Amino acid sequence: MTGRLPPSPAFEALNRAAAERILILDGAMGTQIQNLGLGEDDYTGHGSGHVCRHHSDHPQKGNNDLLILTQPEAVEEIHYRYAMAGADIVETNTFSSTTIAQADYALEAAVHDLNVEGARVVRRALDRATAQDGKPRWVAGALGPTNRTASISPDVNNPGFRAVTFEELRVAYLQQATGLIAGGADILLIETIFDTLNAKAAIFACIEAMEAHGRALPLMISGTITDASGRTLSGQTPTAFWHSVRHANPWTVGLNCALGAEAMRPHLAEMAGVADTLICAYPNAGLPNAFGEYDEGPDDTARQVAEFAREGLVNVVGGCCGTTPDHIRAIAEAVAQFSPRKVPEYA
């Protein structure tokens with residue numbers, strides 16, 4: 001879809017790096033933020049941070065994306081720790097930086113700034129890391145699924161009702177992607193996809209944003225398997241999901257979240273068996289316990305992810321919920337001995 005656009009310099013550099021080795025993605029952001037123990041004043045910047053210029057009467061504690069503007073030093077430090085742990089690709093803290101998701105906090109007006117500054121704060125962290133060790137690193141602009149679904153009714157009494165339209169999603173994602181590119185994102189990452197129709201709106205918007213930018217950026221697309229059925233929430237198997245997004249010519253396709261590495265493996269193997277592009281996997285640190293916490297340690301997660309690499313299933317690996325810089329360091333060390341998956345050629 002973006003073949004008529006010249007590739008960005010980062011695109012070409014990433015292709016060279018991915019041909020040589022398995023690349024490392026970063027780990028969870030939310031758990032790292034939770035460990036900071038921030039209160040309402042910290043989120044709004046009225047404590048020791050930077051006061052947000054966008055006013056809202058809603059409570060902001062829990063709006064982790066807002067910390068890009070009100071606690072940029074703390075966010076940068078988390079990104080920096082992941083980079084120094086071995087991450088080649090570090091995601092922006094913009095999972096919920098759309099007008100649709102920020103409506104819960106009445107901060108729709110902050111969305112452009114969140115995405116622009118979200119990319120810039122990662123770039124600062126990566127530049128610091130590269131100044132120390134000389135390794136190139138790339139900024140992945142993260143686009144989350146939003147808190148609405150275009151395929152499923154939220155009202156059990158009205159199956160035909162939809163809380164959001166494709167066009168509303170497209171407009172929201174276009175604003176987000178435009179901001180991420182303006183902030184210097186090297187990659188656009190559509191992640192934790194539970195509804196493929198939402199993802200299609202994001203793909204459409206990302207392509208529009210790239211066309212306006214005049215360069216093709218690598219597009220990463222990552223779905224999530226929501227339960228033991230092996231399907232996304234909107235009902236697709238990994239194979240069906242791939243065929244639904246293949247038209248976008250993504251740089252990577254894969255899975256993240258919802259499952260630990262052991263439970264993810266068969267679904268990842270299915271996708272690796274059909275996709276003629278790079279495969280990315282970043283599982284949770286196991287499954288959450290009764291308190292919603294993740295008990296799987298770095299060595300256990302790394303051992304399981306290394307099996308993905310040993311079996312030739314992956315090109316990019318990292319961690320999702322519950323993972324830490326220690327998990328990413330252990331994963332990077334565990335997969336270093338293995339070659340990246342060879343992309344099959346299909347007619």
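Residues numbered from 1 in each chain as written. Predicted model: local features only at pLDDT ≥ 70, side-chain atom pairs only at ≥ 80, totals over all residues. Heavy atoms only, no water.

For the protein, the name recorded in an unreviewed UniProt entry is Homocysteine S-methyltransferase family protein, with Paracoccus onchidii as its organism. Looking at the protein in UniProt, the text filed under Cofactor (unreviewed entry) is "Zn(2+)". (UniProt positions renumbered as here; feature names shortened; annotations may be inferred.)

(A) Spatial organisation of the sheet that holds strand β8 (residues 316-317). Read across the open sheet, the 8 strands follow the order β1-β8-β7-β6-β5-β4-β3-β2; overall the sheet is parallel. The open sheet is flanked by β1 (23-24) and β2 (89-91), the only strands paired with a single partner. Here β1 pairs with β8 via 2 bridges, running parallel. Residue pairing in the sheet places L23 in a bridge with V316 of β8. Across the face of the sheet, helix α7 (residues 111-133) comes into contact with β2 and β3 (138-143) while running at roughly 155° to β3. (Pairing = 2+ DSSP bridges. Helix = DSSP H or I, 4+ residues; strand = E, 2+ residues; numbered from the N terminus. Contact = heavy atoms within 4.5 Å. Axes fitted to C-alpha atoms, helices over the stretch in contact; angles between N-to-C directions.)

(B) View of empty space enclosed by the protein. For the coordinates displayed, the defined rule picks out 1 cavity of 30 Å³ or more. By volume, the largest cavity amounts to about 30 Å³. As for the largest cavity, its lining consists of G144, P145, Y173, I190, I193, F194, D195, N198, A199 and A202. Secondary-structure elements contributing two or more residues to the lining of the largest cavity are β4 (187-193) and α9 (196-213). Of the residues belonging to the lining of the largest cavity, the class tally is 7 nonpolar, 2 polar and 1 charged. (1 Å grid on protein atoms, 1.4 Å probe; cavity = no way out; pocket = protein on both sides within 12 Å on 5 of 7 lines; lining within 4 Å. Points joined across faces, edges and corners; volume = space filled by probe spheres on them. Nonpolar A, V, L, I, M, F, W, Y, C, P; charged D, E, K, R; others polar.)

(C) Up close: a nonpolar patch on the surface. Residues F166, L197 and F204 make up a contiguous nonpolar surface patch of roughly 240 Å² in combined accessible area. Among the structural elements, L197 can be located in helix α9. (Patch = residues over 30% accessible without salt bridge, like charges linked within 9 Å, V, L, I, M, F, W, Y side chains within 5 Å. Areas by Shrake-Rupley, 256 points an atom, 1.4 Å probe, with all protein chains shown as cover. Salt bridge = Lys/Arg side-chain N within 4 Å of Asp/Glu carboxyl O.)

(D) Representation of α7. With 23 residues, α7 extends 33 Å from end C-alpha to end C-alpha; this agrees with the ideal 33 Å at 1.5 Å per step. Of the surrounding elements, those touching the buried residues of α7 are α4 (67-70), α5 (72-84), β2, α6 (99-102), β3 and α8 (166-182). Positive backbone phi, approximately 80°, marks G134, located one or two places after α7. (Expected span 1.5 Å × (residues − 1).)

(E) Quick peek at the environment of L126. Mapped onto the fold, L126 is located in helix α7. Sequence spacing of L126 and G37 is 89 residues, and the spatial spacing of their C-alpha atoms is 25 Å. Ignoring sequence-local partners within four residues, the contact set of L126 consists of A83, V90, R137, W138 and V139.

(F) Examining the UniProt feature "binding site: Zn(2+)" (unreviewed entry) in the protein more closely. Per the UniProt entry, the sites bearing "binding site: Zn(2+)" (unreviewed entry) are C257, C320 and C321 in this numbering. A maximum C-alpha distance of 6.4 Å among these annotated residues, which run over 65 residues, shows that they cluster at one spot. Among the annotated residues just listed, those lining the largest pocket are C257, C320 and C321. Within the secondary structure layout, C257 lies in strand β6 (residues 252-260). Beyond its immediate sequence surroundings of up to four residues, C257 is in contact with T192, T224, M264, Y282, N284, C320 and C321. Assignment of secondary structure puts C321 in the loop between β8 and α13 (325-335).

(G) Broad picture of the pairing of β3. Most of β3 is tucked away: 6 of the 6 residues are buried. Here β3 shows a buried face lined by W138, A140 and A142 and a second buried face lined by V139, G141 and L143. Bridge analysis of β2 against β3 gives 3 bridges, and the strand direction is parallel. Within β3, the residue paired with E91 across the bridge is A140. Sheet topology places β3 next to β4; 4 bridges connect them, and they run parallel. Along β4, the bridge assignment pairs A142 with L189. Regarding the hand of the β-α-β motif, the stretch spanning β3, α8 and β4 is right-handed. (Buried < 20%, exposed > 50% of the residue type's maximum accessible area, 1.4 Å probe, protein only. Right-handed = clockwise from strand over helix to strand, strands pointing away.)

(H) Spotlight on the environment of L287. Take L287: it is sitting in the loop between β7 (278-284) and α12 (298-310). Exposure remark for L287: the relative accessible area of 53% places this residue in the exposed category. Each C-alpha atom, one on L287 and one on R137, is 30 Å from the other, the two residues being 150 residues apart in sequence. Beyond its immediate sequence surroundings of up to four residues, L287 is in contact with A258, L259, G260, E293 and Y294.

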